[in-house]
Amino acid sequence: MTTALPSLLENRGKASLSPALLAIPSLVLLGVGFFLPLCVILLYSFATPRSFELLRSFTLVNYSELIRAENSIWRSFIWSNGLALATCCLLFLFTYPIAHGLCRVFGHWAGLVTNLFIFPLFISENVRLHGWVLFFIKGGVLNGTIEALGWQGGLEVLYQPGMILAGMIYTHFPFMLFPVTLGLAMVPRDLCDAAADLGANRWQIWREVELPIALPGILVGMLLTFVLAFGALTEARILGGQSVIVIAHDVEHAFTYAQNWPLGSALSVLLTLWIGGLVMAIFSKVDLDRILGKKEI
Amino acid sequence: MKLPGRRKSEILTWVWTGFALLTIYLPLFCTVLASFSRARYFTFPIRSFSTRWWEQTLESLEIHTIITNSLLIAFSVTLLSVGIAFCGSLAFARFNWRGRKLFQKVLVLPIFFPQPVLGLALLLLFNTFGIETSWRTAIFAHLVWIAPVATLVMAIQVYGFDASLEEAAYDLGCSNLQVFREITLPLLWPGIQSGALFSFLLSWGNFPLSLYTSGADSTIPEWLYSKMVAGYTPMVPVLGTISTLGAATIFLMSGLLSVLIRRLQLHQLSRQDATK
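Thresholds applied
Residues numbered from 1 in each chain as written. Chains lettered and ligands numbered in written order. Predicted model: local features only at pLDDT ≥ 70, side-chain atom pairs only at ≥ 80, totals over all residues. Heavy atoms only, no water. Contact = heavy atoms within 4.5 Å. Buried area = accessible area lost by both parts, 1.4 Å probe. Salt bridge = Lys/Arg side-chain N within 4 Å of Asp/Glu carboxyl O. Polar contact = N/O pair within 3.5 Å; in protein donor to acceptor, adjacent residues only side chain to side chain. Helix = DSSP H or I, 4+ residues; strand = E, 2+ residues; numbered from the N terminus. Nonpolar A, V, L, I, M, F, W, Y, C, P; charged D, E, K, R; others polar. 1 Å grid on protein atoms, 1.4 Å probe; cavity = no way out; pocket = protein on both sides within 12 Å on 5 of 7 lines; lining within 4 Å. Points joined across faces, edges and corners; volume = space filled by probe spheres on them. Patch = residues over 30% accessible without salt bridge, like charges linked within 9 Å, V, L, I, M, F, W, Y side chains within 5 Å. Areas by Shrake-Rupley, 256 points an atom, 1.4 Å probe, with all protein chains shown as cover. Buried < 20%, exposed > 50% of the residue type's maximum accessible area, 1.4 Å probe, protein only. Core = buried A, V, L, I, M, F, W, Y, C linked by side-chain atoms within 4.5 Å. pLDDT = per-residue confidence, 0-100. Axes fitted to C-alpha atoms, helices over the stretch in contact; angles between N-to-C directions. Parallel < 35°, antiparallel > 145°, perpendicular 65-115°, else oblique. Phe/Tyr/Trp six-rings, centres within 6.5 Å; stacked < 30°, edge-to-face > 60°.

Visitor: Mind showing me how you'd approach the interface of chain A and chain B here?
Guide: One frequent convention defines the size of an interface as the accessible area lost when the parts assemble. Between chain A and chain B, the contact holds 94 residues from the first and 93 residues from the second. Together chain A and chain B conceal approximately 8,700 Å² of surface at their shared face, both sides included; 77% is due to carbon and sulfur atoms. Our enumeration of links across chain A and chain B arrives at three salt bridges. Its salt-bridge partner being Asp287 of chain A, residue Lys101 of chain B comes within 2.9 Å of it at the nearest N-O pair. In this structure, the connection of chain A to chain B is made through 13 residue pairs in polar contact (both at pLDDT 80 or more). At 15 residues, helix H3 (residues 24-44) of chain A tops the list of elements feeding residues into the side of chain A that touches chain B. Here the residues of the side of chain A that touches chain B sort into 61 nonpolar, 21 polar and 12 charged.

This is the structure we're talking about:
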């Protein structure tokens, strides 16, 4: 279908509209709004600490400042990675049965269930996380209910690392669910049935048939949740108090309170490299056309 | 034929999904509950209910400005994003051209980037070029993240598009405009509508990008955050509920619109059949 189209369009006199032209608005937007800011950050990261001027000086002090052990940045880095990894693995376990249900079990209810999972995406994470604060806080819904039932209340759940993890799992739920669902939708049902007819048990069918075919979707979901959770800030702020300093907090701190843009920039450059490397590594193994449902011709 | 084992796992799947949905919506109910509590600091069980915080919020001029800002940004983002994403999704999914694979990868990059860092990077950019941050810069910042999402949403529809229908229309003597109006647009409409819905609602609820790029023009999520961190007032759950209700209204209206359009198309089809 696609290879024949350009020549076909030429015959129809519509050739003035080359497909590459259609990409231009997006590319201009991303050029100015994404790549240019990254360049600015890169330039700032070589500027004198605490200065606000570009291209006046060149120094690597900001980078050496980052790796100095007295700065607790390495600790934030480890925390953020750990929290993101835990979020990503737990979310995979939590969403897989639901994705399976959306593809195989729910039938004509699948549309409604999908919409119910999409909707929370449109509510600011602040509102949703604050709802959890109201639920868990002293005198909140949970403790109030426990005390009303005559049990010992006073449960302290908020402002701990575990709560930040729960918050991250909560806010990133759809980002894992939908890619995994798209991945599982690529598994042809006949193939599983055929494997079952040939005597494979459920574990074997899952490992040998389902998982390899659904893998691109799963990889995209894991990458997306890892990256977003790695850069998340509000969960640690609202649910975690100051119990854990995440890496996004360090970036924000450098830019705002500390007024040290070059340091914040250097840190952002490192984050970008780390995330960019992960994204590149995964996307070299993934074909977006297949996940999003392009027909094979 | 259903095996008992399969039946059991199906029930478990339903139960787990129900539990997940319940957990996801639980904090929203807590917010609604807190908005009707009379006390300044929320305690449960609620001793006395009152709508005074609602009245106070709805009368507040500050809140009016903030809601207007959020609406203005979300509408502008939707308009621009739909245009960019419609073209982008055709380049992404429909046509084969040399740079397509690279374009696909470049396009998803902003989605795979932490928004707080993106917001700060944009703030730095605006600062470097001497652009004062306001609702206008917030629109631009939202677009960087939302237009790629809308493009992906539309691309899914474009992948399912049968190009031979266009060819058939040309063969039957249609002009370019006719083909676009009668074939391309109606077939791609569900994708365009979802793209618009995502653009509006993601902008409406966005916090990390607005925080650094909207300057003095605060949006709803920003205002809520500032009050959560310092100076809590029961107007927080009220405005939170208003923001949720706003999103729900738009979401339901969009669903209703899809149903209406489908009905209308079916109606037209049956009338055409009748005239034959």
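Picking up after the structure, the text goes on.
Visitor: Hey, could you run me through empty space enclosed by the protein in this one?
Guide: Summed over the entire model, instances satisfying the criterion amount to six cavities of 30 Å³ or more. Taken as a whole, the largest cavity spans an internal volume of roughly 400 Å³. As for the largest cavity, its lining consists of 27 residues, and the residues nearest its centre are Glu125, His172 and Phe175 of chain A together with Gln115 and Pro208 of chain B. Elements that contribute at least two residues to the lining of the largest cavity include exactly helix H7 (125-136) and helix H13 (234-238) of chain A together with helix H5 (115-128), helix H8 (176-205) and helix H9 (208-213) of chain B. Per-class residue counts for the lining of the largest cavity are 16 nonpolar, eight polar and three charged.

Visitor: Help me out: how do you make sense of a nonpolar patch on the surface in this one?
Guide: Together, Leu21, Ile24, Val28, Val32 and Leu36 of chain A together with Phe129 and Ile131 of chain B give the surface a local cluster of nonpolar side chains, amounting to about 580 Å² of exposed area. Sort the elements by how many residues they give to the nonpolar patch and H3 of chain A lands first, with four residues. Its location among the elements puts Phe129 of chain B in the loop between H5 and helix H6 (135-159).

Visitor: In this structure, what is going on with the pattern of salt bridges? I would like to understand it.
Guide: For side chains bearing opposite charge, pairing can occur when the charged atoms are close. Taken as a whole and judged by the stated rule, the model has nine salt bridges over all chains. For Lys101 of chain B, the salt bridge is made with Asp289 of chain A, and the minimal N-O distance between the two is 3.0 Å. Residue Lys101 of chain B is located in helix H4 (residues 100-108), and its partner Asp289 of chain A is located in helix H16 (residues 288-291); the two belong to separate chains. With a relative accessible area of 5%, Asp289 of chain A lands in the buried category. Among the salt bridges present, the one from Glu182 of chain B reaches Arg181 of chain B, with a minimum N-O distance of 3.3 Å. Assessed through its relative accessible area of 48%, Glu182 of chain B is described here as partly exposed. Since its relative accessible area comes to 52%, Arg181 of chain B is described here as exposed. Three or more residues joined by partner-sharing salt bridges are found here, namely Asp287 and Asp289 of chain A together with Arg100 and Lys101 of chain B.

Visitor: Can you walk me through the nonpolar core in this structure?
Guide: Inside soluble globular proteins, nonpolar side chains tend to come together where they are buried. Formed by 175 residues in total, the largest nonpolar core has its most connected members in Phe117 and Phe122 of chain A together with Phe92 and Phe112 of chain B. Of all the elements, H6 of chain B adds the most residues to this core, at 16 residues. Contact partners of Phe117 of chain A, with chain neighbours within four places excluded, come to Ile98, Phe173, Pro174, Leu177 and Phe178 of chain A together with Thr17, Ala20, Leu21 and Ile24 of chain B.

Visitor: I tried to follow the confidence of the model for chain B on my own but got confused; where do I start?
Guide: Reading predicted coordinates in detail is not appropriate for stretches of low pLDDT. Residues and elements named next belong to chain B. Looking at chain B as a whole, the pLDDT averages 89, with 98% of positions reaching at least 70. Between the elements of chain B, mean pLDDT differs from a low of 87, seen in helix H7 (residues 163-171), to a high of 94, seen in helix H3 (residues 61-94). As scored by the predictor, the complex reaches a pTM of 0.88 and an ipTM of 0.87.

Visitor: Please clarify how the side chain of Arg237 of chain A should be interpreted in this entry.
Guide: The topology assignment puts Arg237 of chain A in helix H13. One polar contact links Arg237 of chain A to His249 of chain A, side chain to side chain, over a distance of 3.3 Å. A polar contact is formed between the side chain of Arg237 of chain A and the side chain of Glu252 of chain A, at a distance of 2.6 Å. Setting aside anything within four residues of it in sequence, one finds Arg237 of chain A in contact with Gln242, His249 and Glu252 of chain A together with Tyr225 of chain B.

Visitor: Help me out: how do you make sense of the packing of H7 of chain A against helix H8 (residues 141-148) of chain A in this one?
Guide: Residue and element names in this part refer to chain A. The geometry of H7 relative to H8 is characterised by a closest axis approach of 4 Å and an angle of 25° between their N-to-C directions. As the angle between them shows, H7 and H8 are arranged roughly parallel. Packed against H7, whose contacting residues are Leu134, Phe135 and Phe136, the element H8 presents Val141, Leu142 and Asn143 at the interface. For the contact of H7 with H8, the per-class residue count stands at five nonpolar, one polar and no charged.

Visitor: Explanation requested: the side chain of Ser80 of chain A in the structure shown.
Guide: Turning to its location among the elements, Ser80 of chain A is positioned in helix H5 (residues 73-105). Once you skip the residues sitting within four places of it in the chain, Ser80 of chain A turns out to touch Phe230, Val246 and Ile247 of chain A.

Visitor: Got a minute to help me understand the packing of aromatic side chains in this structure?
Guide: Any pair of aromatic rings gets described here by the distance separating the centres and the angle formed by the planes. For the structure on display, the rule yields 31 aromatic pairs over all chains. A centroid spacing of 6.0 Å and a plane angle of 80° characterise the contact between Tyr96 of chain A and Trp206 of chain A, whose relative ring orientation is edge-to-face. Linking Tyr96 of chain A in helix H5 with Trp206 of chain A in helix H12 (residues 202-230), this pair joins segments that are 110 residues apart in sequence. Classification of Trp206 of chain A as partly exposed rests on a relative accessible area of 24%. With a centroid separation of 5.1 Å and 65° between ring planes, the pair formed by Phe75 of chain B and Phe200 of chain B is classed as edge-to-face. Separated by 125 residues along the polypeptide, Phe75 of chain B in helix H3 and Phe200 of chain B in helix H8 bring together distant segments of the chain. Every member of this aromatic cluster is reached through a ring pair, and the members are Phe77, Phe226, Phe230 and Trp274 of chain A.

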